[in-house]
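Spelled out, the chains give:
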Amino acid sequence: MAILVAVTDSEEGDLALTRAVEEAELRRTPLLVANLRLSPLEAPADAKVLERPPNTDVADYVLALLDQHAGEVDLLVIGMKRRSPVGKALLGSVAQHLLLSANVPVLAVKTAD
């Protein structure tokens, strides 16, 4: 089994990667990194980095990776932004789409602030 992490160009993306690395070490399982960044990504040497093709929707790409690696990936890790009380009713469209559409459990991490 493996863990797939979606890493964006944000503090939440960095946190998702950190948490996914910890989870992969804990489970002793491979780590697949969906690089959604525009800037260079520093991934662990033993991680398999998957580069998003240009002009590809982020959520669709991550869901396609889950389909492509069906039976291999057993956890998706994503970063989320903190929301105000009103904003908690509405998630970001990418996070919401992944949480509702992923065919594996999703670990959504957010910053402590």
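Under an unreviewed UniProt entry, the name given to the protein chain is Universal stress protein, and the source organism is Amycolatopsis balhimycina DSM 5908. As recorded by UniProt, the Sequence similarities (unreviewed entry) comment attached to the protein chain reads in full: "Belongs to the universal stress protein A family."

Regarding the packing of helix H2 (residues 58-68) against helix H3 (residues 93-101)
In contact at an axis separation of 9 Å, H2 and H3 are set at 25° when each is read in the N-to-C sense. Between H2 and H3, the crossing angle belongs to the class labelled roughly parallel. For the pair H2 and H3, the sense of crossing is right-handed. Of H3, the residues touching H2 (which contributes Val58, Ala59, Asp60, Val62 and Leu63) are Val94, His97, Leu98 and Ser101. Broken down by class, the residue content of the contact of H2 with H3 amounts to six nonpolar, two polar and one charged.

Some remarks on the pattern of salt bridges
Evaluated as defined, the whole model comprises six salt bridges. A salt bridge links Asp9 to Arg37, with the shortest nitrogen-to-oxygen separation between them at 3.2 Å. Of this pair, Asp9 sits in the loop between strand E1 (2-7) and helix H1 (11-27) while Arg37 sits in the loop between strand E2 (31-35) and strand E3 (48-51), placing them 28 residues apart in sequence. Exposure remark for Asp9: the relative accessible area of 38% places this residue in the partly exposed category. Arg27 serves as the salt-bridge partner of Asp74, at 3.8 Å between the closest nitrogen and oxygen. Of the two residues, Asp74 is situated in strand E4 (residues 73-80) and Arg27 in helix H1; the sequence distance between them amounts to 47 residues. On the basis of relative accessible area, Asp74 is assigned to the partly exposed category, the value being 24%.

What counts, and at which threshold
Residues numbered from 1 in each chain as written. Predicted model: local features only at pLDDT ≥ 70, side-chain atom pairs only at ≥ 80, totals over all residues. Heavy atoms only, no water. UniProt positions renumbered as here; feature names shortened; annotations may be inferred. Axes fitted to C-alpha atoms, helices over the stretch in contact; angles between N-to-C directions. Helix = DSSP H or I, 4+ residues; strand = E, 2+ residues; numbered from the N terminus. Parallel < 35°, antiparallel > 145°, perpendicular 65-115°, else oblique. Left-handed = near helix turned anticlockwise from the far one by under 90°. Contact = heavy atoms within 4.5 Å. Nonpolar A, V, L, I, M, F, W, Y, C, P; charged D, E, K, R; others polar. Salt bridge = Lys/Arg side-chain N within 4 Å of Asp/Glu carboxyl O. Buried < 20%, exposed > 50% of the residue type's maximum accessible area, 1.4 Å probe, protein only.

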